[in-house]
Amino acid sequence: MTGTLRAGIIPVTPFQQNCTLIWDDATKIGAVVDPGGDLDRIEQAIQGQGLTIEKILLTHGHIDHAGGAAELKERLGGVPIEGPHQADRFLLDRLPQTGAEYGIAGARQVTPDRWLDEGDQVTVSGLTFDILHAPGHSPGSVVFMSGDERLALVGDVVFRGSVGRTDLPGGNHEQLIRAILDKVLPLGDDVAFIPGHGPTGTLGEERETNPFLQG
């Protein structure tokens, strides 16, 4: 990252999902990406950095990424929720049932204030993120890409050394690999990415070494 954008990861839910705070260090204004649960922990991190949160961003509709979004919106005074793509509406509508199935208490149905699609842009404290629709892990997965900061928030599309699972409703492995090869990797080898689980990395490392992306 080249400017004043900062990011902090807060592992949440039994799935250890990377809820991510992104903010402008100059203004202390930022966003919460994928608040799946453990909202007290997320709020402590927000307060610890002295941040003002202006929106919640969702990469996709799975329980560990979106389960706490509706309640966090209320706790933060009604800030807007942006993302994912509307193809994940069926997942967001079923969050209470999915939470019960996975033992995640308090998950609520989420209707974003803004659905996102390929070519849209999202701003966080004046910093612009371009939206890529990258289906396959879920039908409505999106990637948030800051060209200026060379940073991509990829959700569960790609991980260090792996890719998102595709055995959940709406998943499609071929579609996922195509989205990574055609849309994500061309963003540039120098681009750092924050995935939905596990360590961060660079797209160049994945292009060269990720076994799912070779051949």
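Owing to the predicted nature of the structure, the values given are computational and were not obtained by experimental measurement.

Caption draft 1: Representation of the side chain of serine 125. If you trace the backbone, serine 125 turns up in the loop between strand E6 (121-124) and strand E7 (127-133). A polar contact of 2.7 Å, which involves the side chain of serine 125, links it to the side chain of threonine 27. For serine 125, the residues in contact, after removing those within four places along its chain, are Asp24, Thr27, Ile29 and Glu54.

Caption draft 2: The arrangement of the environment of tryptophan 115 in detail. In this fold, tryptophan 115 is placed in the loop between helix H5 (95-102) and E6. With 28 residues separating them along the chain, tryptophan 115 and alanine 87 place their C-alpha atoms 9.3 Å apart. Setting aside its immediate chain neighbours within four residues, tryptophan 115 contacts Pro84, His85, Gln86, Arg89, Leu92 and Asp120.

Caption draft 3: Region of interest: the side chain of histidine 65. Mapped onto the elements, histidine 65 comes out in helix H2 (residues 63-66). Judged by its relative accessible area of 0%, histidine 65 falls in the buried class. Contacts of histidine 65, omitting those with residues within four sequence positions, involve Gln17, Asp34, Pro35, Gly36, Leu58, Thr59, His60, Asp156, Gly196 and His197.

Caption draft 4: Layout of the pairing of strand E12 (residues 192-195). Across four bridges, strand E9 (residues 151-155) lies against E12 in parallel orientation. Bridge assignment links alanine 152 to a residue of E12, and that residue is phenylalanine 193. Direction of pairing for E12 relative to strand E13 (residues 201-202): antiparallel, over a ladder of two bridges. Directly across from alanine 192, in E13, lies its bridge partner threonine 202. As consecutive antiparallel partners, E12 and E13 are separated by five residues, and within that stretch glycine 198 has a phi angle of approximately 80°, a positive value.

Caption draft 5: Local environment of the sheet that holds E6. Across the sheet, which stays open at both edges, the six strands sit in the order E6-E7-E8-E9-E12-E13 with mixed pairing between neighbours. The sheet terminates laterally at E6 and E13, the two strands that pair on one side only.

Caption draft 6: Summary view of unusual backbone geometry. With omega at 0°, the peptide bond leading from glycine 83 into proline 84 counts as cis. With respect to the element layout, proline 84 can be found in the loop between strand E5 (81-82) and helix H4 (89-93). With a phi close to 50°, glutamine 16 is a non-glycine residue in the positive phi region. Within the secondary structure, glutamine 16 sits in the loop between strand E1 (5-12) and strand E2 (17-24).

Caption draft 7: Molecular detail of the pattern of salt bridges. Within this structure, the stated rule accounts for 17 salt bridges. When the shortest N-O distance is used, the salt bridge between aspartate 25 and lysine 28 registers 3.2 Å. The exposure class of aspartate 25 is partly exposed, given its relative accessible area of 31%. The shortest N-O distance in the salt bridge between glutamate 82 and lysine 55 comes to 3.2 Å. Within this pair, whereas glutamate 82 is found in strand E5, its partner lysine 55 is found in strand E4 (residues 52-57), the two being separated by 27 residues in sequence.

Basis of the calculations
Residues numbered from 1 in each chain as written. Predicted model: local features only at pLDDT ≥ 70, side-chain atom pairs only at ≥ 80, totals over all residues. Heavy atoms only, no water. Helix = DSSP H or I, 4+ residues; strand = E, 2+ residues; numbered from the N terminus. Polar contact = N/O pair within 3.5 Å; in protein donor to acceptor, adjacent residues only side chain to side chain. Contact = heavy atoms within 4.5 Å. Buried < 20%, exposed > 50% of the residue type's maximum accessible area, 1.4 Å probe, protein only. Pairing = 2+ DSSP bridges. Salt bridge = Lys/Arg side-chain N within 4 Å of Asp/Glu carboxyl O.

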